[in-house]
Amino acid sequence: MRAMAESLCCDASYITVLADRLEARGLVNRAPDPDDRRVKRLVLTKRGRKVREELLTAIHETTPALAGLDGRAACGPGSAPSEPRAGAGRVALTRKRRPITADGLTTKGN
């Protein structure tokens, strides 16, 4: 976890707090490093892998607010340039957003 803290430029104690929370939610388990018994690795649980996939899907979805963008920069309230920037295209709406539940997970089928 020290390596994770270094890569995120934060204190190792903060990573410990995050790991504790993820473990309490059943998203990760701590496992010993096979090469160094002093080191613990965070391993995703089955539920953790599912949540990871849902988060990656949500991150790559286009929100309705962004779907209508056409590449033109706004010049002020109610105005825009008459010509779009060179190479600018429409952002496509890829998927319908799913509601987020109280525990931070998305609901199925919505």
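Residues numbered from 1 in each chain as written. Predicted model: local features only at pLDDT ≥ 70, side-chain atom pairs only at ≥ 80, totals over all residues. Heavy atoms only, no water.

Peer 1: Is there a simple way to explain a nonpolar patch on the surface in this structure?
Peer 2: Taken together, the side chains of Leu55, Leu56 and Ile59 make up a nonpolar region of the molecular surface, amounting to roughly 280 Å² of accessible area. Inspection of the secondary structure assignment puts isoleucine 59 in helix α3 (residues 46–60). (Patch = residues over 30% accessible without salt bridge, like charges linked within 9 Å, V, L, I, M, F, W, Y side chains within 5 Å. Areas by Shrake-Rupley, 256 points an atom, 1.4 Å probe, with all protein chains shown as cover. Salt bridge = Lys/Arg side-chain N within 4 Å of Asp/Glu carboxyl O. Helix = DSSP H or I, 4+ residues; strand = E, 2+ residues; numbered from the N terminus.)

Peer 1: Would you mind showing me how to read the layout of surface pockets here?
Peer 2: Sizing a probe to match a water molecule and rolling it over the atoms shows the empty space that remains. The space that makes up the second largest pocket amounts to roughly 180 Å³. What lines the second largest pocket is Met1, Arg2, Ala3, Glu6, Arg38, Val39 and Lys40. Top element by residues in the lining of the second largest pocket is helix α1 (residues 2–7). It accounts for three residues. (1 Å grid on protein atoms, 1.4 Å probe; cavity = no way out; pocket = protein on both sides within 12 Å on 5 of 7 lines; lining within 4 Å. Points joined across faces, edges and corners; volume = space filled by probe spheres on them.)

Peer 1: Sorry, what's going on with helix α2 (residues 12–24) here?
Peer 2: Because the α-helix completes a turn every 3.6 residues, residues three or four places apart line up on one side. When the terminal C-alpha atoms of α2 are compared, their 18 Å separation across 13 residues agrees well with the 18 Å that a helix rising 1.5 Å per residue should span. Phi turns positive one or two residues past the end of α2, at glycine 26, with a value near 75°. (Expected span 1.5 Å × (residues − 1).)

Peer 1: Even after reading the chapter, I still don't get α3, so can you show me in this structure?
Peer 2: Along its 15 residues, α3 runs 22 Å from first to last C-alpha, staying within 8% of the 21 Å computed at 1.5 Å per residue. The complete set of buried residues in α3 reads Gly48, Val51 and Glu54. For α3, the angular spread of buried residues about the axis comes to 125°, placing them on one side. Among the exposed residues of α3, those oriented more than 90 degrees off its buried face are Lys46 and His60. Tucked inside the fold, the buried residues of α3 contact β2 (40–44). (Buried < 20%, exposed > 50% of the residue type's maximum accessible area, 1.4 Å probe, protein only. Arc of directions from axis to C-beta. Contact = heavy atoms within 4.5 Å.)

Peer 1: Is there a simple way to explain the pattern of salt bridges in this structure?
Peer 2: Side-chain pairs of opposite charge can arise whenever the charged atoms involved come near each other. Summed over the entire model, instances satisfying the criterion amount to six salt bridges. Across the pair arginine 41 and aspartate 33 runs a salt bridge, and its minimum N-O distance is 2.7 Å. Residue arginine 41 is classed as partly exposed on the basis of its relative accessible area, which comes to 44%. For aspartate 33, a relative accessible area of 10% translates into the label buried. In this structure, the salt-bridge partner of aspartate 36 is arginine 38, at a minimum N-O distance of 3.0 Å. Accessibility expressed as a relative area gives 74% for arginine 38, which makes it exposed. What emerges from the salt-bridge pattern is a single network uniting Asp20, Glu23 and Arg30.

These values are about where atoms sit, not about what they do.
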